[in-house]
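Understanding the architecture of this molecule
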Amino acid sequence: MRQKTLDDKIFKEFELIGKDLSNRGLISSHAGNISIRSDENIIITRSGSMLGWLNPEDLVMFNIENSDPENEKCASTESIVHKEIFKSTDAKAIIHSHNPFCTILSFILEEIKCIDLEGKLFLENIPIIECKNPTASPELAKKVSQTLIDNPVVVVKSHGVFAKGMALTDALKNITAAEQSAEIIYRLILLGKH
Ligand SMILES: [Zn+2]
């Protein structure tokens, strides 16, 4: 019963975060992935799941250290990146989304230097990285995890954003703050003021 209550609580949080990402337009219907670390395990959304419409069966759990091919093959294709982030950084939760304004700026900037108050306060400069294969590749896992050692958020050129946090709400704060900072810069560029 205790386990069930814990599972319900975890699912509820995934459900709320997924819906929020979807409502904010930070993902398309089947994009993005969410994970948390629970002791030696990773709990992550299933491959192909719709974050805005999550069901309890959409959460997959497997051990971070020991290979668990049965469960891992059901997990998000980006679980290779999530695993490496958990191994290399202090992250307890990770969100990957396709923030439109961050992605637009990734084509024209080397990094996003936040100029709004919230961005400057929480994020300062958001790194932008480029990969030959910008999805589910060992190269992506390495570059993203190394960058997130000292940064809460990283933008992958042409793809989207990975953010870490001590909890999913913390990672969401970083994901949404990054998008707000990117949108402000984008609009100022359009106005010829940046
Ligand atoms: Zn993606």
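So, here's what we can say about the structure. This one's a predicted model, so the numbers in the text were calculated from it and none came from an experiment.

1. A short note on helix H7 (residues 168-190)
- End to end, H7 covers 33 Å across 23 residues, agreeing with the expected 33 Å (1.5 Å per residue, within 8%).
- Of all the residues in H7, the buried ones are Leu168, Ala171, Leu172, Asn174, Ile175, Ala177, Ala178, Glu179, Ser181, Ala182 and Ile185.
- In the stretch just after H7, Gly192 is the one whose phi turns positive, near 70 degrees.

2. Looking at the packing of helix H3 (residues 79-88) against helix H6 (residues 138-147)
- Close contact between H3 and H6 brings their axes to 8 Å; oriented N to C, the two are set at 35 degrees. Considering only the axes of H3 and H6, their crossing is right-handed. Residue-level inspection shows Ile80, Val81, Glu84, Ile85 and Ser88 of H3 in contact with H6, the latter providing Pro138, Leu140, Ala141, Lys142, Val144, Ser145 and Gln146.
- Among the residues making up the contact of H3 with H6, the classes are represented as seven nonpolar, three polar and two charged.

3. Details of the nonpolar core
- Of all hydrophobic cores here, the largest spans 48 residues; its most connected members are Ile95, Ile112, Val144, Ile175 and Ala178.
- Counting residues per element, this core draws most heavily on H7, which supplies eight residues.
- In this structure Ile175 touches Leu26, Ile95, Ser97, Asn99, Val153, Val161 and Ala163, once residues within four positions along its chain are discounted.

Definitions and limits used
- Residues numbered from 1 in each chain as written.
- Predicted model: local features only at pLDDT ≥ 70, side-chain atom pairs only at ≥ 80, totals over all residues.
- Helix = DSSP H or I, 4+ residues; strand = E, 2+ residues; numbered from the N terminus.
- Expected span 1.5 Å × (residues − 1).
- Buried ≥ 20, exposed ≤ 12 C-beta atoms within 10 Å, placed from the backbone.
- Axes fitted to C-alpha atoms, helices over the stretch in contact; angles between N-to-C directions.
- Left-handed = near helix turned anticlockwise from the far one by under 90°.
- Contact = placed C-beta atoms within 7 Å.
- Nonpolar A, V, L, I, M, F, W, Y, C, P; charged D, E, K, R; others polar.
- Core = buried A, V, L, I, M, F, W, Y, C linked by C-beta atoms within 7 Å.

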